[in-house]
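Survey of secondary and tertiary structure
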Amino acid sequence: MKKIHKLMILSLILAVSYLITNLELLQPKLKTDNFINPNDNTIENLNKEIAQLEQDSKATKTYTIQYKKRVDYNKNPTSSEALDYKDSIIEETFTPKEENKQEEKLQPTPYQNVLQDSKPKIVIIIDDILNTKQLNDIKSIDLKLTPSIFPNNNINMINATNKLDFFMIHLPLEAKKYTDELDTIKIGDSIGRIRKKIQSIKSSMPSVKYINNHTGSKFTANKKSVETLLSVLDDNEIKFVDSRTTPDTKLDEIAKEQNRLILHRDIFIDNSLELNALNKQIAEGVKIAKKRGYAILIAHPHKETLHALKLAKDNIFKDVDVIYLNELDEILQNAKITQYTQKAS
């Protein structure tokens, strides 16, 4: 019996030894083609994609944070321009007496001589554009709305602008009090700093031809700073449009001195997001256009604003043409208009 036990133990030892020495034969072979070859170009391509994503994220991170702080569609948001404007004057409203003065300034003019047709023209700039969703929301309204896009190097936005009929850049300028903590051009900035900023914008979006100010109540009230900015924009063949976030803007004064046409906003549409208030502001813009022949309105990509514009398409806008900003500029340039609010001859 003892001999049998010894034989069994010996046999077991031999079997285990055999298994150990031949273990690799029992394992499935790993398919090396399931792994990326360290020398494969795939790794390099992946690294490039990761680097691009990091760059895009870094370029828009500040804007995204600030935009989310400012624009909360669930909390009746207020635009930066409205806040900046209210630092200068409380409300953009008129008393009955002031309204009469406004009527005097906007006496009917033979604007057909300027427009070459009988339909007044409306430009609607949508400020604060940051992402492709907002661009798609704007396009879905099927009006010639002019998007004004924050400067950024986001590849998706750059590609999207290449497919647009027209766009402009929304350039942060220094405000009196309100700040978005963006990469803002300020009073006293050197011409080198301003030139670098504008050339960076031109480099990422070379087709840009127009810029308007984001906030800027302090900057646009400083004549020297405005003249410096305009000289840099002229060098880059870019035109400035005044958002008029302050009644103290120096753009009109400079336009007269230099005998140059500088377009500017007539109406902010969405200081309030109540539908009646939105319709009232839109109608006020149409009223100006019907008397002067043209008007520029500024709005923001709030869902309430876009809804109001969509509703206005078939009623408030029925007697006017909504056109892009560059189209209005071309019309006025061809008519030799050198002051935005001048009466047609």
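For clarity, every value in this text was computed on a predicted model and none was experimentally measured. (Residues numbered from 1 in each chain as written. Predicted model: local features only at pLDDT ≥ 70, side-chain atom pairs only at ≥ 80, totals over all residues. Heavy atoms only, no water.)

The next point concerns the packing of helix H12 (residues 275-292) against helix H13 (residues 303-312). For the pair H12 and H13, interaxial distance at closest approach is 10 Å and the crossing angle is 55°. Classified by the angle between their axes, H12 and H13 sit oblique to one another. Relative to H13, the crossing made by H12 is right-handed. Residues Leu-275, Leu-278, Asn-279 and Ile-282 of H12 form the contact with H13, whose own contacting residues are Glu-304, Thr-305, Ala-308, Leu-309, Leu-311 and Ala-312. Here the residues of the contact of H12 with H13 are counted per class, giving seven nonpolar, two polar and one charged. (Axes fitted to C-alpha atoms, helices over the stretch in contact; angles between N-to-C directions. Helix = DSSP H or I, 4+ residues; strand = E, 2+ residues; numbered from the N terminus. Parallel < 35°, antiparallel > 145°, perpendicular 65-115°, else oblique. Left-handed = near helix turned anticlockwise from the far one by under 90°. Contact = heavy atoms within 4.5 Å. Nonpolar A, V, L, I, M, F, W, Y, C, P; charged D, E, K, R; others polar.)

For the rest of this paragraph, the subject is helix H10 (residues 223-235). Compared with the 18 Å implied by 1.5 Å per residue over 13 residues, the 18 Å span of H10 between its first and last C-alpha is a close match. Of all the positions in H10, only Ser-225, Val-226, Leu-229, Leu-230, Val-232 and Leu-233 are classed as buried. Taken end-on, H10 shows its buried residues confined to a sector of 160°, consistent with a single buried face. Of the exposed residues in H10, those oriented more than 90 degrees away from the buried face are Lys-224 and Asp-235. Check the buried side of H10 and you find it contacts strand E3 (168-173), helix H9 (191-204), strand E4 (210-215), strand E5 (239-241) and helix H11 (251-258). (Expected span 1.5 Å × (residues − 1). Buried < 20%, exposed > 50% of the residue type's maximum accessible area, 1.4 Å probe, protein only. Arc of directions from axis to C-beta.)

This next bit is on unusual backbone geometry. Among all residues save glycine, negative phi is the norm, and among peptide bonds the norm is trans. The residue Thr-215 is not glycine, and still its phi comes out positive at about 55°. Structurally, Thr-215 is set in strand E4. Here Thr-215 falls in the buried class, since its relative accessible area comes to 6%. The residue Glu-237 is not glycine, and still its phi comes out positive at about 55°. With respect to the helices and strands, the residue Glu-237 is situated in the loop between H10 and E5.

Purely spatial values, then, with no claim about function.
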